[in-house]
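Analysis of the macromolecular model
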Amino acid sequence: MATTARIFGNKRVGFGQWVIYALIGIAGLFYGTPLAWLFLAGTRSGSSLDSDPPFTFGSFEQMAQSWANLASFNDFQILNWALNSLIYSVGGVTLSLIACIPAGYALATSDFPGRRVILILTLVAMITPSQSIVLPIFLEMNLIGLNNTYLGLILATGFFPFGVYLAYIHFSDSPPKGVLDSARIDGCSRYQLFTHIALPLARPIVSLVAFFSFLANWSNYYLAVVLLSDDKIYNLPVGLTALVSGSGALTNLAATGMPIKKPEVILAAILVILPVLVVFLIAQRFVRSGMLSGAEKG
Amino acid sequence: MAKVELKGVAKSFGAVRVLDPIDLCVEPGEFVAFVGPSGSGKSTLLRMIAGLESVSEGDVLIGGEEVTFAEPSERGTAMVFQSYALYPHMNVYDNIAFNLRLAKRPKSEIDAQVREAARTLRLEDLLERSPAQLSGGQRQRVAIGRAIVRHPKVFLFDEPLSNLDAALRVQMRLEIARLHREIGATMIYVTHDQVEAMTLADRIVALDDGAIQQTGAPLDLYARPSNRFVAGFIGSPKMNFIPAEVIDGTRAGVGLRLHAGDGTSFGLGALKSAKAGPVSVGVRPEAIRLHIAGGTPPAGTLEIPARVDSVERLGNVTYTYIDVGSDELLTVQSGGDVQLKSGDQALAAIQPESFHVFDAAGKTILSASAAPART
Ligand SMILES: Nc1ncnc2c1ncn2[C@@H]1O[C@H](COP(=O)(O)OP(=O)(O)OP(=O)(O)O)[C@@H](O)[C@H]1O
Ligand SMILES: [Mg+2]
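Reading the values: rules and limits
- The residue numbers shown here count from 1 along each chain, following its written sequence.
- Key to labels: chains lettered from A, ligands numbered from 1, both in the order written.
- Where totals are concerned, whole chains, interfaces and linings use all residues; where local detail is concerned, this predicted model gives features only for residues with pLDDT of at least 70, and gives and counts side-chain atom pairs only at 80 or more.
- Calculation of side-chain values draws on the structure's entire complement of heavy atoms; hydrogens and water are dropped beforehand.
- Each pair of strands is called paired provided DSSP finds at least two bridges between the two strands.
- Counting from the N terminus, the helices are DSSP H or I runs at least four residues long and the strands are E runs at least two residues long.
- To define axes, lines are fitted to C-alpha atoms, for helices over the stretch in contact only, and angles between the resulting N-to-C directions are given on a 0 to 180 degree scale.
- Any angle that is under 35 degrees is reported as roughly parallel, and any over 145 degrees as roughly antiparallel; angles of 65 to 115 degrees are reported as roughly perpendicular and all others as oblique.
- Note on contacts: a residue pair is in contact if any heavy atoms of the two residues lie within 4.5 Å.
- Under the scheme applied here, ten amino acids are nonpolar (Ala, Val, Leu, Ile, Met, Phe, Trp, Tyr, Cys and Pro), four are charged (Asp, Glu, Lys and Arg), and all others, including Gly, are polar.
- Partly exposed residues are those whose accessible area sits between 20% and 50% of the maximum for their type, while under 20% is buried and over 50% is exposed, using a 1.4 Å probe and protein chains only.
- Where each domain starts and ends follows an automatic or database-derived domain assignment.
- Put simply, buried area is the surface a 1.4 Å probe can reach on two separate parts but cannot reach once they are joined, added for both.
- The rule for a salt bridge is simple: a side-chain nitrogen of Lys or Arg has to be within 4 Å of a carboxyl oxygen of Asp or Glu.
- As used in this structure description, the phrase polar contact means that two N or O atoms lie within 3.5 Å; if the pair is within protein, one of them must be able to donate a hydrogen and the other to accept it, and residues adjacent in sequence are counted only when both atoms belong to side chains.

The pairing of strand E1 (residues 4-13) of chain B with strand E2 (residues 16-26) of chain B spans seven bridges and is classified as antiparallel. Residue pairing for E2(B): Lys11(B) is matched across the bridge by Leu19(B).

Below, the structure is given as structure tokens:
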């Protein structure tokens, strides 16, 4: 703040500063354009999309119309998929939080046999592309009869090594050792140490893990498309993909008669992105440091 | 109030031995200070008493009970840390009440205890604040409050004042002394500040290099240090050391030659060991007097020619640093002002009775017999 005030207040914007602003501007334009296009395109009609300049604003009536078309599909099945997505996401986030936060804490604070091995395995699992284990997961779920169920997908997505690693990093230096020591003297058992001290101070990392887990679950396509075969329990990405490819909206095949065209597809894409934005805005308020201020000298 | 006994307590981190076996008995109600330079193992020893660090060898007994392997909370100890270590997500009240709540005490009792501790420590107006909204001194008082409400058998302090500024440190030092008077609990206090140790403790345990160098009342350690380490560590400004040599010795007395000035030699009473060879001679800064060359010294006084290097005037006391031709400058402490300036020639007058003599290994072979001359 102070620096900004100084720079602008005294109009001392040097060459280096200009380069930085220029770079930020170019990057913002480059990466922001597709998003801006997407949100604008949601308001446009099919013919407008085909012929008007890229950044034309259509009309809200057009948007409502596209929405009605999208919603009318199969008795508002989109809403059903959105609800399913919510179930999968809430389930997956909850499960991964229950697993990741204590696991990271244990890895960071206690020394038990196999700790190093588990840490290495966590890293390996973290960098393994999830697509590469979709088939074994499918076979496993098949074996225990959880294929094509809510529980199956939730259980599979509860495995979130990235979250374990984030929590591990966090708990490696928080709470400060002195705080844990004094809690031990105050009479905390190992379990209470976690619930009374470490967990209440871990709000930033819990929010962060929850957000990343939500992101992964909400946009989970690959695993879902393999595990789910009944369209009643599709999540949004799978459902919308099925809808779009079924309608032929993006191909130049003969029209199928469904009112699903480009505008509807664009709206569907917005539908997937919007909740992520909302959740991010909520989560980032908690992902802030400052939880520890006052614990120690400072 | 409880007795704390350490029987052959030693500590190794892996293959590294940081504390040699230590035997120590802290009497009920006693205030003992562990002093020593950084890395001497003071905190480690204290943490082993608290149960925060495992004991590699030996036994720890508190109140006659063997607690070597007991959990920290089962030992009846409370600890105050250098870093305060408050719970940042709880307000002052909850910080102090935390251990009572864990012990599932009734609400009314908790409230009474917390308010009493707050009164003792003058925290009443701060109970609703979060630790982040407190000053360093207030935070440390909360940490002490947290310890008081446990009614511990033993209070453990690990450099509780070293993060505070000088004025606050003096004030908190007095508060800790008052606390000890009022509740009379056994207290063990780690510090590397020898002023705190001298003023607070009934007994000082001087640690160096993972071993107890000397245990005793503060003024005992000051007057009769058992080795060169203690002699140099206790007392401020620190004792001056001058290399010297035993030139002839009998059981009744020895001759010593100082490696200073023009090689002044003088006789002293019997040393514990009178082998000829290198020794070092220690003299407290207040046992040296400076005067301008000329006058006749009182009989028996040793006079060493010196050059004044620098003078520090603090008003009530003056420190003069003089060069007598030995390895290091000597510090001279005198009351009031001195009429000397940098570069002046002077004579440093010392009563030989105020010399401590240490052998080559640092062990005391003669303690000063004269009380340090007061000026
Ligand atoms: N967890 C540990 N692992 C290995 N060595 C340790 C550990 N904790 C302390 N030590 C070593 O033990 C020795 C004593 O440490 P300790 O903290 O007790 O010193 P101290 O006297 O309290 O010093 P200070 O005045 O700096 O606090 C030091 O040499 C330190 O490096
Ligand atoms: Mg220490």
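From this point on, the discussion continues.
This part covers the packing of helix H4 (residues 60-72) of chain A against helix H15 (residues 262-286) of chain A. Residues and elements named next belong to chain A. Close contact between H4 and H15 brings their axes to 9 Å; oriented N to C, the two are set at 85°. The pairing of H4 with H15 is recorded here as roughly perpendicular in orientation. For the pair H4 and H15, the contacting residues are Gln-62, Met-63, Ser-66, Trp-67, Asn-69 and Leu-70 in the first and Pro-263, Glu-264, Leu-267, Ala-268 and Leu-271 in the second. Here the contact of H4 with H15 is composed, by residue class, of seven nonpolar, three polar and one charged.

Our next topic: the pairing of strand E9 (residues 203-208) of chain B. Residue and element names in this part refer to chain B. Summarising burial for E9: five of the six residues are buried, a large majority. Of the strand pairs in this sheet, E9 and strand E10 (residues 211-216) are connected by five bridges, and their pairing is antiparallel. Pairing of Val-205 across the sheet is with Thr-215, part of E10. Hairpin connection between E9 and E10: a loop of two residues separates the two successive antiparallel strands, and Asp-209 in this loop has a positive phi of roughly 60°.

All names here are of chain B. As far as domains go, chain B holds domain 1 (4-232) and domain 2 (237-370). Relative to domain 2, the C-alpha centre of domain 1 lies at a distance of 38 Å. Listed as interface residues are 10 residues of domain 1 and, on the opposing side, 12 residues of domain 2. Both sides of the domain 1 and domain 2 interface together cover about 900 Å² of buried area, and 49% of this is carbon and sulfur. Among the residues of domain 1 in contact with domain 2, Tyr-222, Arg-228 and Ala-231 are the three that bury the most area, contributing 56% of the side total. Across the contact surface, domain 1 and domain 2 share zero salt bridges. Our count for the contact surface shared by domain 1 and domain 2 stands at eight residue pairs in polar contact (both at pLDDT 80 or more).

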